[in-house]
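Spelled out from the first residue to the last, the chains are:
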Amino acid sequence: MKQSKEEQIREEIITAAAGVFEIYGFTRVSMQDISKAGKKGRTTLYYYFGSKTEVFDAVVEKFCRQIFNACQAVIDPKASMATNLEKFYTRKLQEIKLLTKKYHLVLEDLKQQPELAAAKTRILLEEEGSVLYTMIRWAIDKKEIAELSEADSRFLAETIVTAFKSFEQEIIMFNRFPDMEAKLSWLSEIFCKGLK
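Here's a quick rundown of the structure. (Residues numbered from 1 in each chain as written. Predicted model: local features only at pLDDT ≥ 70, side-chain atom pairs only at ≥ 80, totals over all residues. Heavy atoms only, no water.)

Next up on the list: the overall build of the chain. Counting its secondary structure elements, the chain contains 10 helices and zero strands. Order of helices (α) and strands (β) in the chain, N terminus to C terminus: α-α-α-α-α-α-α-α-α-α. Across its three principal axes, the chain shows a C-alpha extent of roughly 60 × 40 × 25 Å. When each of the 196 residues of the chain is scored for burial, the buried share is 40%. (Helix = DSSP H or I, 4+ residues; strand = E, 2+ residues; numbered from the N terminus. Buried < 20%, exposed > 50% of the residue type's maximum accessible area, 1.4 Å probe, protein only.)

Structure below.
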(Lines give C-alpha, C1' and ligand atoms only; values in the text may rest on other atoms or scores of the structure.)
Protein backbone atom coordinates (compact mmCIF):
# COMPACT_ATOMS: atom_id res chain seq x y z
CA MET A 1 0.00 0.00 0.00
CA LYS A 2 1.48 3.31 -1.08
CA GLN A 3 2.02 5.94 1.59
CA SER A 4 0.77 9.47 1.14
CA LYS A 5 3.39 12.23 1.11
CA GLU A 6 2.39 13.21 4.67
CA GLU A 7 2.69 9.61 5.91
CA GLN A 8 6.08 9.34 4.24
CA ILE A 9 7.37 12.53 5.89
CA ARG A 10 6.05 11.41 9.28
CA GLU A 11 7.76 8.04 8.84
CA GLU A 12 11.04 9.75 7.88
CA ILE A 13 10.88 11.81 11.07
CA ILE A 14 10.19 8.70 13.18
CA THR A 15 13.10 6.82 11.57
CA ALA A 16 15.49 9.73 12.10
CA ALA A 17 14.32 10.15 15.70
CA ALA A 18 14.90 6.44 16.39
CA GLY A 19 18.53 6.91 15.37
CA VAL A 20 18.93 9.97 17.58
CA PHE A 21 17.35 8.23 20.59
CA GLU A 22 19.66 5.24 20.06
CA ILE A 23 22.75 7.48 20.20
CA TYR A 24 21.74 9.92 22.96
CA GLY A 25 18.94 8.31 24.94
CA PHE A 26 15.70 10.16 25.62
CA THR A 27 16.59 12.93 28.06
CA ARG A 28 19.46 14.50 26.13
CA VAL A 29 17.59 14.69 22.80
CA SER A 30 15.90 17.91 21.71
CA MET A 31 13.43 18.64 18.93
CA GLN A 32 16.31 20.43 17.18
CA ASP A 33 18.35 17.19 17.22
CA ILE A 34 15.43 15.34 15.64
CA SER A 35 14.91 18.11 13.10
CA LYS A 36 18.58 17.98 12.06
CA ALA A 37 18.72 14.19 11.88
CA GLY A 38 15.57 14.06 9.77
CA LYS A 39 16.71 16.92 7.55
CA LYS A 40 13.38 18.62 8.21
CA GLY A 41 12.76 22.18 9.26
CA ARG A 42 11.44 22.81 12.74
CA THR A 43 8.14 24.02 11.24
CA THR A 44 7.72 20.69 9.46
CA LEU A 45 8.65 18.76 12.59
CA TYR A 46 6.13 20.66 14.72
CA TYR A 47 3.45 20.18 12.07
CA TYR A 48 3.64 16.43 12.74
CA PHE A 49 4.63 16.32 16.40
CA GLY A 50 4.00 18.79 19.21
CA SER A 51 6.84 17.65 21.44
CA LYS A 52 9.78 15.29 21.84
CA THR A 53 7.54 12.98 23.88
CA GLU A 54 5.09 12.74 20.97
CA VAL A 55 7.94 11.80 18.63
CA PHE A 56 9.20 9.26 21.16
CA ASP A 57 5.69 7.79 21.50
CA ALA A 58 5.57 7.33 17.71
CA VAL A 59 8.96 5.60 17.74
CA VAL A 60 7.90 3.30 20.60
CA GLU A 61 4.60 2.50 18.89
CA LYS A 62 6.42 1.61 15.67
CA PHE A 63 8.74 -0.79 17.51
CA CYS A 64 5.85 -2.26 19.52
CA ARG A 65 3.93 -2.86 16.29
CA GLN A 66 6.95 -4.64 14.76
CA ILE A 67 7.37 -6.83 17.85
CA PHE A 68 3.65 -7.60 17.98
CA ASN A 69 3.58 -8.60 14.29
CA ALA A 70 6.60 -10.87 14.80
CA CYS A 71 4.85 -12.53 17.77
CA GLN A 72 1.60 -13.02 15.88
CA ALA A 73 3.50 -14.71 13.05
CA VAL A 74 4.64 -17.59 15.30
CA ILE A 75 1.23 -18.74 16.55
CA ASP A 76 -0.82 -21.39 14.77
CA PRO A 77 -4.47 -22.46 15.20
CA LYS A 78 -3.37 -26.11 14.96
CA ALA A 79 -0.85 -25.83 17.81
CA SER A 80 -1.79 -26.32 21.44
CA MET A 81 -2.55 -23.30 23.57
CA ALA A 82 0.55 -23.99 25.70
CA THR A 83 2.74 -24.08 22.58
CA ASN A 84 1.20 -20.88 21.21
CA LEU A 85 1.64 -19.08 24.55
CA GLU A 86 5.24 -20.22 24.81
CA LYS A 87 6.09 -19.25 21.21
CA PHE A 88 4.32 -15.89 21.41
CA TYR A 89 5.99 -14.80 24.64
CA THR A 90 9.39 -16.29 23.83
CA ARG A 91 9.45 -14.29 20.60
CA LYS A 92 8.26 -11.19 22.43
CA LEU A 93 10.99 -11.44 25.08
CA GLN A 94 13.66 -12.06 22.45
CA GLU A 95 12.57 -8.99 20.48
CA ILE A 96 12.32 -6.82 23.60
CA LYS A 97 15.79 -7.86 24.77
CA LEU A 98 17.30 -6.98 21.39
CA LEU A 99 15.57 -3.61 21.42
CA THR A 100 16.55 -2.75 24.99
CA LYS A 101 20.15 -3.70 24.26
CA LYS A 102 20.21 -1.39 21.24
CA TYR A 103 18.44 1.43 23.10
CA HIS A 104 20.15 0.97 26.47
CA LEU A 105 20.55 4.74 26.96
CA VAL A 106 16.80 5.25 26.51
CA LEU A 107 16.19 2.46 29.00
CA GLU A 108 18.44 4.17 31.56
CA ASP A 109 16.51 7.43 31.07
CA LEU A 110 13.17 5.62 31.44
CA LYS A 111 14.32 4.09 34.71
CA GLN A 112 14.60 7.66 36.01
CA GLN A 113 11.06 8.46 34.81
CA PRO A 114 8.90 5.45 35.83
CA GLU A 115 5.65 7.20 34.85
CA LEU A 116 6.90 7.56 31.27
CA ALA A 117 8.09 3.96 31.19
CA ALA A 118 4.76 2.64 32.53
CA ALA A 119 2.83 4.42 29.78
CA LYS A 120 5.04 2.89 27.08
CA THR A 121 4.43 -0.67 28.26
CA ARG A 122 0.69 -0.27 27.73
CA ILE A 123 0.93 0.23 23.96
CA LEU A 124 -0.91 -2.48 22.00
CA LEU A 125 -2.31 -3.99 25.20
CA GLU A 126 -5.77 -4.42 23.67
CA GLU A 127 -4.36 -6.03 20.52
CA GLU A 128 -2.35 -8.47 22.62
CA GLY A 129 -5.47 -9.31 24.62
CA SER A 130 -7.33 -10.02 21.35
CA VAL A 131 -4.61 -12.42 20.21
CA LEU A 132 -4.74 -14.24 23.56
CA TYR A 133 -8.54 -14.37 23.33
CA THR A 134 -8.19 -16.00 19.89
CA MET A 135 -5.75 -18.58 21.30
CA ILE A 136 -8.22 -19.37 24.09
CA ARG A 137 -11.10 -19.79 21.64
CA TRP A 138 -8.95 -22.10 19.46
CA ALA A 139 -8.19 -24.21 22.54
CA ILE A 140 -11.89 -24.38 23.47
CA ASP A 141 -12.86 -25.38 19.92
CA LYS A 142 -10.29 -28.21 20.03
CA LYS A 143 -11.60 -29.30 23.48
CA GLU A 144 -8.10 -28.69 24.82
CA ILE A 145 -9.48 -26.62 27.70
CA ALA A 146 -12.90 -26.42 29.33
CA GLU A 147 -15.69 -24.38 27.78
CA LEU A 148 -15.66 -20.72 28.84
CA SER A 149 -18.14 -17.96 28.16
CA GLU A 150 -17.03 -15.13 25.91
CA ALA A 151 -16.78 -12.82 28.95
CA ASP A 152 -14.67 -15.34 30.87
CA SER A 153 -12.48 -15.91 27.80
CA ARG A 154 -11.84 -12.18 27.53
CA PHE A 155 -11.14 -11.92 31.26
CA LEU A 156 -8.71 -14.85 31.06
CA ALA A 157 -6.94 -13.26 28.07
CA GLU A 158 -6.54 -9.99 29.99
CA THR A 159 -5.27 -11.86 33.04
CA ILE A 160 -2.63 -13.71 31.03
CA VAL A 161 -1.53 -10.49 29.31
CA THR A 162 -1.27 -8.73 32.68
CA ALA A 163 0.75 -11.58 34.21
CA PHE A 164 3.23 -11.69 31.35
CA LYS A 165 3.39 -7.88 31.19
CA SER A 166 4.55 -7.89 34.82
CA PHE A 167 7.37 -10.29 33.95
CA GLU A 168 8.34 -8.14 30.96
CA GLN A 169 8.53 -5.01 33.09
CA GLU A 170 10.70 -6.74 35.67
CA ILE A 171 13.01 -8.04 32.93
CA ILE A 172 13.26 -4.72 31.11
CA MET A 173 13.44 -2.30 34.01
CA PHE A 174 15.26 -4.36 36.63
CA ASN A 175 17.02 -7.12 34.65
CA ARG A 176 15.26 -9.81 36.68
CA PHE A 177 14.44 -13.33 35.47
CA PRO A 178 17.44 -13.65 33.09
CA ASP A 179 16.38 -17.20 32.13
CA MET A 180 12.72 -16.35 31.60
CA GLU A 181 12.61 -17.95 28.13
CA ALA A 182 13.48 -21.30 29.74
CA LYS A 183 10.59 -20.89 32.19
CA LEU A 184 7.98 -19.96 29.57
CA SER A 185 7.19 -23.55 28.65
CA TRP A 186 6.59 -24.38 32.29
CA LEU A 187 4.42 -21.29 32.87
CA SER A 188 2.39 -21.95 29.72
CA GLU A 189 1.74 -25.54 30.83
CA ILE A 190 0.61 -24.34 34.27
CA PHE A 191 -1.88 -21.90 32.74
CA CYS A 192 -3.30 -24.53 30.44
CA LYS A 193 -3.47 -27.38 32.98
CA GLY A 194 -5.57 -25.18 35.24
CA LEU A 195 -8.08 -24.68 32.44
CA LYS A 196 -8.83 -28.33 31.65
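Looking at the element boundaries, Glu168 is found in helix H9 (residues 150–174). In this structure Glu168 touches Tyr89, Lys92, Leu93, Ile96 and Glu128, once residues within four positions along its chain are discounted. (Contact = heavy atoms within 4.5 Å.)

With the rule as written, the count across this model stands at nine aromatic pairs. On the numbers, 5.1 Å between centres and 75° between planes, the contact of Phe21 with Phe56 is edge-to-face. Taken as a pair, Phe21 in helix H1 (residues 5–24) and Phe56 in helix H4 (residues 52–72) lie far apart in primary sequence, 35 residues in all. Across the pair, exposure class does not vary: Phe21 and Phe56 are buried alike. With a centroid separation of 4.0 Å and 10° between ring planes, the pair formed by Tyr89 and Phe164 is classed as stacked. One end of the pair, Tyr89, is in helix H5 (residues 81–102); the other, Phe164, is in helix H9, and 75 residues separate them in sequence. Here Tyr89 and Phe164 have matching classes, each one buried. Aromatic ring contacts, followed pair by pair, group Phe88, Tyr89, Phe164, Phe167 and Phe191 into a single cluster. (Phe/Tyr/Trp six-rings, centres within 6.5 Å; stacked < 30°, edge-to-face > 60°.)

So, on to the pattern of salt bridges. The full count for this structure, using the stated rule, is 14 salt bridges. Connected via shared salt-bridge partners are Lys92, Glu128, Lys165 and Glu168. (Salt bridge = Lys/Arg side-chain N within 4 Å of Asp/Glu carboxyl O.)

With 21 residues, H4 extends 30 Å from end C-alpha to end C-alpha; this agrees with the ideal 30 Å at 1.5 Å per step. Residues of H4 that are buried: Lys52, Val55, Phe56, Ala58, Val59, Val60, Phe63, Cys64, Ile67, Phe68, Ala70 and Cys71. (Expected span 1.5 Å × (residues − 1).)

Here Glu128 shows up in helix H8 (residues 125–141). For Glu128, a relative accessible area of 3% gives the class buried. If sequence neighbours within four positions are ignored, Glu128 has contacts with Phe68, Phe88, Tyr89, Lys92, Val161, Lys165 and Glu168.

To continue, consider unusual backbone geometry. Notably, Lys39 is not glycine yet its phi reads approximately 55°, a positive angle. Residue placement: Lys39 occurs in the loop between helix H2 (31–38) and helix H3 (42–48). In the Ramachandran plot, Lys143 falls in the positive-phi region, its phi being about 60° despite a non-glycine side chain. Note that Lys143 resides in the loop between H8 and H9. With relative accessibility at 71%, the residue Lys143 sits in the exposed group.

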